[in-house]
4 protein chains.
Amino acid sequence: MQLGMVGLGRMGANIVRRLMKDGHECVVNDVNQGPIDALVKEGAIGATDYADLASKLEAPRAVWLMVPAGIAGDVVEQVAAVLEAGDIIIDGGNSNYRDDVRRAKTLNEKGIHFMDVGTSGGVFGLERGYCLMVGGHDEAFQRIEPILKTIAPGATDVDRTPGREGDRTPEELGYLHCGPSGAGHFVKMVHNGIEYGMMAALAEGFNILDHADAGITEAAHSAEIAPLEFPEYYQFNIDVPAVAELWRRGSVISSWLLDLTAAALASNPELDHLAGRVSDSGEGRWTVKAAVDTGTPAPVLAAALFERFASRGEDHFANKVLSAMRLQFGGHEELPAGDVLEAGGRKAEHHDTGQSQQS
Amino acid sequence: MQLGMVGLGRMGANIVRRLMKDGHECVVNDVNQGPIDALVKEGAIGATDYADLASKLEAPRAVWLMVPAGIAGDVVEQVAAVLEAGDIIIDGGNSNYRDDVRRAKTLNEKGIHFMDVGTSGGVFGLERGYCLMVGGHDEAFQRIEPILKTIAPGATDVDRTPGREGDRTPEELGYLHCGPSGAGHFVKMVHNGIEYGMMAALAEGFNILDHADAGITEAAHSAEIAPLEFPEYYQFNIDVPAVAELWRRGSVISSWLLDLTAAALASNPELDHLAGRVSDSGEGRWTVKAAVDTGTPAPVLAAALFERFASRGEDHFANKVLSAMRLQFGGHEELPAGDVLEAGGRKAEHHDTGQSQQS
Amino acid sequence: MQLGMVGLGRMGANIVRRLMKDGHECVVNDVNQGPIDALVKEGAIGATDYADLASKLEAPRAVWLMVPAGIAGDVVEQVAAVLEAGDIIIDGGNSNYRDDVRRAKTLNEKGIHFMDVGTSGGVFGLERGYCLMVGGHDEAFQRIEPILKTIAPGATDVDRTPGREGDRTPEELGYLHCGPSGAGHFVKMVHNGIEYGMMAALAEGFNILDHADAGITEAAHSAEIAPLEFPEYYQFNIDVPAVAELWRRGSVISSWLLDLTAAALASNPELDHLAGRVSDSGEGRWTVKAAVDTGTPAPVLAAALFERFASRGEDHFANKVLSAMRLQFGGHEELPAGDVLEAGGRKAEHHDTGQSQQS
Amino acid sequence: MQLGMVGLGRMGANIVRRLMKDGHECVVNDVNQGPIDALVKEGAIGATDYADLASKLEAPRAVWLMVPAGIAGDVVEQVAAVLEAGDIIIDGGNSNYRDDVRRAKTLNEKGIHFMDVGTSGGVFGLERGYCLMVGGHDEAFQRIEPILKTIAPGATDVDRTPGREGDRTPEELGYLHCGPSGAGHFVKMVHNGIEYGMMAALAEGFNILDHADAGITEAAHSAEIAPLEFPEYYQFNIDVPAVAELWRRGSVISSWLLDLTAAALASNPELDHLAGRVSDSGEGRWTVKAAVDTGTPAPVLAAALFERFASRGEDHFANKVLSAMRLQFGGHEELPAGDVLEAGGRKAEHHDTGQSQQS
């Protein structure tokens, strides 16, 4: 079928490629001309603006938006302005599902369908296909299902779940109609929340492996830092990249995130090209807020999110308050700020012979 | 080569099967006769006791123990008593790596090698192979390497990590010599710690999906429970089993644990055969303690562990203390204990019109 | 000065009493006649409705609302309808500070001042005074300052902070102008977030004391539950109520919340009148959401909140998912739901001799 | 009565002063001569070494050790060597309660009593008295009770708990016999675990207040950092030192730790003399390990401990692993390490217009 695509970043462009390869016709637009030209060379129809895009699609139209969440609202409005009743707008970006609920209501009043499609797959989606979480009306879902089928991974690469028989259901092909407007991005949001938690579990575990030599590296200790209790049990120099590779085979934690970690560690075992300031991009936050709203315990997902904030220094004032309290009640002097990080991220501590620190 | 196997539970027996299939000769023993007989029918050599087992193996021997961690110490001693210098004892169970450090030292004094092999793979290992994390001397490692190669998954089922070229390293075949005695179980311990964290991330996420209908089910609320702020955003009846299936395809969180979750939900969507009292079996605890010992932050792994404790009611006294404080400072009456769980695990709350609760 | 009071629950009524005792004149209203009559007997002027209340106050008026957060919006509107430009509405309840920001804007357009006053003190406020966190315009703040001074604790009962000299500042008298509209309830919200965290710290600690006998009570263990590693170190029967009392004297954690805990434990050492289903009432949730919004790490405050959710059974589906995964990968059977809580909240577990559980 | 004191750091010396003021006779020793001379001037009897100390005390003797936990074991042995059956050694330092269990057993074999006394009070103890948590035999407890009574705060400064009547119990005077050897330090350990949690609750809360201006300071955002959703709700410049002072009066979270925070903020509102590298000194770690051992959920206490580890950079490798994964699956580039902290601990982020980051 025909699809308009607005936003030709890596994901938008790759979705277009996947669609064209399967015989769909794509009319494409972007704020930059370069990505349009590139796809036109590969067989797409270029559009100079939204009106041009609308004119090159036959009604009823379907237009997929693949733009940053921050501007999705504006683009939806502008695209809607050139469409007519019966057309479908699909937001395939990382919008907050709450915005979907509101946008769908507004567009429905004009007779335009709004579909939200949470899209997972990252840079590998062109080859692996994208996992699609879809929200919106049944009728619109059915109309765009041929496109979804093509973008999704399909039946190829995953063992069938025991107990599932007969024809494959949509979820077994990698796309699912999750519910009314917002449901797609809601499910995608929770997906990313889980992703944060799984990533943190792996990162914390590898960090413990990295600390398995604590009994070797441990220096003279200040009274301010608890000494290592059993140095004889922390005498291991673990080959962390090898362990990551190992766990990919037959272990309970084998996963795509582990595959990626193994790849990263294979190319740079110390990861010393990175500063360890971990970004976050919305869904992890929204997941924790949804947990709070609905009274659902989510300590792991929240801890994973907060670790990222702390990695960017946002715990700094809290830490100063803690040191200030210790100084007050026990006369515990903090080490001066000039004592900098040693290699490996561990900090040097001075020896202190004072006998009085106690709380 | 030849291997003695002590402990023919599911994992021990399946390891023997995997070895025999690849041409190794196995002498087997168990506290029960049944499992011995079963494996003898499949080609193993039965041994009536440890002495018999030792006599049926040619020196230098290798004996693999696959027994519960709680009795591993005794079995190691008893088996060591019938072995001689140059022989190898392999603990393939879930022992604490600290015990390995001590046991290796004792056995080394007698000239017996001790190897610790953390073994992951669960009930699927017979087919998939087992992921093997090995600790002990180089020499002993090299001697048992043919056995490890057979038990491990080998080269078959996993894409090669980008950047890895040439001959496959052991970790690419599913086994790794992690370091001196204890290193194998240390790495296995951290593996299970990560496993707890990943499982918790998935469980919390699915629980949020299960609560996505909070705006529909929300009843009149007590002043004691914060009302749902935006019921219009929690109107989704998510098909949780379908989502689990969907995420197996192309998503960032695709993983073996997700595969298993999808399988469990496919066979029982409500999981109503389960009480939700989650057990734990040692490694998760040891991982958190290792994090604490080495000063490594592990909030996600710890939260995952503590959720399990709480699922078994171990938070009960703490919760009573909290309710007692609320009653003291705000006159906040707890609902009587007789108010029981509604279907789905959520609890009914009465309406309270009091205007005075404030803290 | 003169003050109108709407809402005569415990806190509203006690604030009126505190004001009248200090010579202020109060015009009072409530949805019920009883509380009005009671205060009229003590010297207040009763008002039959908001219009009557407005007519009995001289312009420019000041009306304090002490009503549940859920109806505060409606009451603000209704009261504003009978007031005129120059009057002040004070919301002393537990409203979300975001509502204040919006309400202040609306009321300002009519020339009515809106003040938000976070009020802490619970059932002891009549005697101890209330801690007041105030948001709104400077001018309105100055006009109601005489009232705030009376309601606040004043200079009496707390040692002066070292370094503070000269005349006491407002915060040293127990009230503070925290900033523009919303700032008062924002600070109150964070206060309650901290309260949740401090309460949880105490509750978890007392629970550990309660478990100090684990080495005595520990029964035969299932392979499903990690056995207690060092029973010889958990042989204590701690007198928890006595410890709570002890810590009130000279310890670092002495606090009003500890005082309350000691009082609760003194009257019922086992707290067996409580079910341990801990409520929460808004501010704890809003605090975590504010932390998430602003990128501030708050793992302790979030964990404290989530423990409360779990105490009410909201972790149930997550726990079933965890048990389901364990059953899948390791054949780990959960104990049947019929196995009920033993006294003290700990659950009985059956003995299992299986050798095969491993992950 | 007579007491020997070994270790004249601030706490040891102040305990001696408190004892002498109340008429007890103290024989004192330290590794340095200065503290001995100072106390001799105030009326104490100096001892040149342990043998001299023993000779200057009448049997049965009582010797209090106030030395760092790291050397307590050696000092106990050396002092025991000069004592005789019937004498009492008191460890008033911060030893691990497990060491007490072992030391008591060894000393009991020689007929020497061993008492463990957890001592809280910090630098204020001389004036306020020390909170004493005591473990050991009944008989020895009764013999040293006169000393404990003097060191403890006594009956003076705390309101009596409602419901407690008649003669004051020991816990109402600030000391408690908690149980057999180890019980005193066990209770002290949990006290400090709670202290960590309460401190973290306060620190996180003040940090949220410090971030209340996020809507003002928020600059152009990278696609890598979630933008602030509602900047209009984060427009507050909270006077954090004033709020700390305010909450000391009538609020639910009034506490000694809050008093100390207010004092610290009064003397340095930005706390810019501190680097925020928060130390920990054993008990917090032991508390979490005791929680893990006994299966007691303690997510708040553990999170508080882990925040301290992270404040010292021990999360660094974990954070690099997280950034590495993000780079792998989404092409998310981390900002270069050269982007340093802005004032206030928040880090500058560059603007990125890429449309493709999605997971």
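Residues numbered from 1 in each chain as written. Chains lettered and ligands numbered in written order. Predicted model: local features only at pLDDT ≥ 70, side-chain atom pairs only at ≥ 80, totals over all residues. Heavy atoms only, no water.

Our next topic: the relation of the copies chain A and chain D. One copy of the chain maps onto the second through a rotation around an axis plus a translation along that axis. Superposing chain A onto chain D takes a rotation of 180 degrees plus a shift of 0.0 Å along the axis, which leaves an RMSD of 0.1 Å. One copy is carried onto the other by what is essentially a two-fold rotation axis. A share of 100% of interface residues in chain A that are also interface residues in chain D marks the association as one of identical surfaces. (Least-squares fit on C-alpha atoms with pLDDT ≥ 70 in both. Contact = heavy atoms within 4.5 Å.)

This part takes up the environment of B:L274. If you trace the backbone, B:L274 turns up in the loop between α12 (256-267) and α13 (283-294). Distance from B:L274 to B:R168, taken between C-alpha atoms, is 43 Å for residues 106 residues apart in sequence. If we ignore the near neighbours within four places in the chain, the residues touching B:L274 are C:K320, C:S323, C:A324 and C:E334. (Helix = DSSP H or I, 4+ residues; strand = E, 2+ residues; numbered from the N terminus.)

Here we come to the sheet that holds strand β4 (residues 62-65) of chain D. Residues and elements named next belong to chain D. If you trace the eight strands from one edge of the open sheet to the other, you get β3-β2-β1-β4-β5-β6-β7-β8, paired in mixed fashion. Looking along the sheet, the strands with just one partner apiece sit at the ends: β3 (45-46) and β8 (175-179). Note that strand β2 (residues 25-29) and β3 share two bridges and pair parallel. Residue pairing in the sheet places V28 in a bridge with G46 of β3. Along the sheet, helix α5 (residues 97-109) makes contact with β5 (88-91) and β6 (113-120), crossing β6 at roughly 150 degrees. (Pairing = 2+ DSSP bridges. Axes fitted to C-alpha atoms, helices over the stretch in contact; angles between N-to-C directions.)

Residues and elements named next belong to chain A. As far as domains go, chain A holds domain 1 (2-157 + 169-179) and domain 2 (189-238 + 275-330). Relative to domain 2, the C-alpha centre of domain 1 lies at a distance of 38 Å. Taken together, the seven residues of domain 1 in the interface contact five residues of domain 2. Both sides of the domain 1 and domain 2 interface together cover about 490 Å² of buried area, and 53% of this is carbon and sulfur. (Domains from an automatic or database assignment. Buried area = accessible area lost by both parts, 1.4 Å probe.)

Attention shifts here to the interface of chain A and chain D. Between chain A and chain D, the residue contacts involve 102 residues of the former and 102 residues of the latter. With both sides pooled, the region where chain A packs onto chain D buries about 8,400 Å², and carbon together with sulfur makes up 56% of that total. Run the count over chain A and chain D and you get two salt bridges. Where chain A meets chain D, there are twelve residue pairs in polar contact (both at pLDDT 80 or more). The dominant element in the side of chain A that touches chain D, judged by the number of residues it contributes, is helix α14 (residues 316-330) of chain A, at 15 residues. Of the residues assigned to the side of chain A that touches chain D, the class counts are 40 nonpolar, 36 polar and 26 charged. (Salt bridge = Lys/Arg side-chain N within 4 Å of Asp/Glu carboxyl O. Polar contact = N/O pair within 3.5 Å; in protein donor to acceptor, adjacent residues only side chain to side chain. Nonpolar A, V, L, I, M, F, W, Y, C, P; charged D, E, K, R; others polar.)

The next subject is helix α15 (residues 316-330) of chain D. Helix length check: α15(D) (15 residues) gives 21 Å between terminal C-alpha atoms against 21 Å at 1.5 Å per residue, within 8%. Among all positions of α15(D), only D:F317, D:A318, D:N319, D:K320, D:V321, D:L322, D:S323, D:A324, D:M325, D:R326, D:F329 and D:G330 are buried. Elements in contact with the buried residues of α15(D): α1 (10-21), α8 (183-210), α10 (240-247), α11 (256-267) and α13 (299-311) of chain A. (Expected span 1.5 Å × (residues − 1). Buried < 20%, exposed > 50% of the residue type's maximum accessible area, 1.4 Å probe, protein only.)

Glancing now at the packing of aromatic side chains. Summed over the entire model, instances satisfying the criterion amount to 44 aromatic pairs over all chains. Ring geometry for C:F186 versus D:Y234: centroids 6.4 Å apart, planes at 85 degrees, classification edge-to-face. A residue pair is termed interchain when its members come from two chains, as with C:F186 in helix α9 (residues 183-210) and D:Y234 in the loop between α10 (214-217) and α11 (240-247). Aromatic side chains C:F236 and D:F186 sit 5.4 Å apart centroid to centroid with 50 degrees between the ring planes, which places their arrangement in the tilted category. Note that C:F236 is positioned in the loop between α10 (214-217) and α11 (240-247) and D:F186 in helix α9 (residues 183-210), a pairing that runs across two chains. In this structure an aromatic cluster arises from ring pairing among A:Y97, A:F186, B:F230, B:Y233, B:Y234 and B:F236. Sitting above the plane of the C:W256 ring, C:R128 keeps its charged end 3.9 Å from the centroid. (Phe/Tyr/Trp six-rings, centres within 6.5 Å; stacked < 30°, edge-to-face > 60°. Lys NZ or Arg CZ within 6 Å of the ring centre and 35° of its normal.)

Below, the discussion takes up the interface of chain C and chain D. With 93 residues of chain C at the contact, the number on the chain D side is 93 residues. Overall, the association of chain C and chain D removes approximately 7,700 Å² of surface from exposure, summing both partners, and the carbon and sulfur fraction of that is 70%. Here chain C is connected to chain D by two salt bridges. When the shortest N-O distance is used, the salt bridge between C:R164 and D:E245 registers 3.0 Å. Seen at the junction of chain C and chain D, the total is 38 residue pairs in polar contact (both at pLDDT 80 or more). In terms of residue count, the dominant contributor to the side of chain C that touches chain D is α9(C) (18 residues). Class assignment of the residues belonging to the side of chain C that touches chain D gives a composition of 54 nonpolar, 21 polar and 18 charged.

The next subject is the side chain of C:S255. For C:S255, the position within the fold is in the loop between α11 and α12 (256-267). Reaching out from C:S255, the side chain makes a polar contact with the backbone oxygen of C:I253 at a distance of 3.1 Å. With residues near it in sequence (within four places) discarded, C:S255 still touches D:M198, D:S254 and D:S255.

This part covers the relation of the copies chain C and chain D. Take chain C, turn it by 180 degrees, move it 0.0 Å along the axis, and it overlays chain D with an RMSD of 0.1 Å. Interface residue correspondence from chain C to chain D reaches 100%, placing this contact among same-surface, isologous pairings.

Before going further, it helps to examine helix α9 (residues 183-210) of chain B. Compared with the 40 Å implied by 1.5 Å per residue over 28 residues, the 40 Å span of α9(B) between its first and last C-alpha is a close match. Across the 28 residues of α9(B), 27 count as buried, placing the element largely inside the fold.

Our next topic: the pairing of strand β1 (residues 2-6) of chain A. All names here are of chain A. Judged by how many residues are buried, β1 sits mostly within the fold: five of five residues are covered. The alternating pattern of β1 places Q2, G4 and V6 and L3 and M5 on opposite faces, both of which are buried. Pairing geometry for β1 and strand β2 (residues 25-29), over five bridges, is parallel. Looking across to β2, one finds that L3 is bridged to C26. Remark: the β1/α1/β2 crossover connection has right-handed handedness. In this sheet, strand β4 (residues 62-65) lies alongside β1 in parallel orientation, the contact comprising three bridges. For V6, the partnering residue across the bridge sits in β4 and is L65. (Right-handed = clockwise from strand over helix to strand, strands pointing away.)

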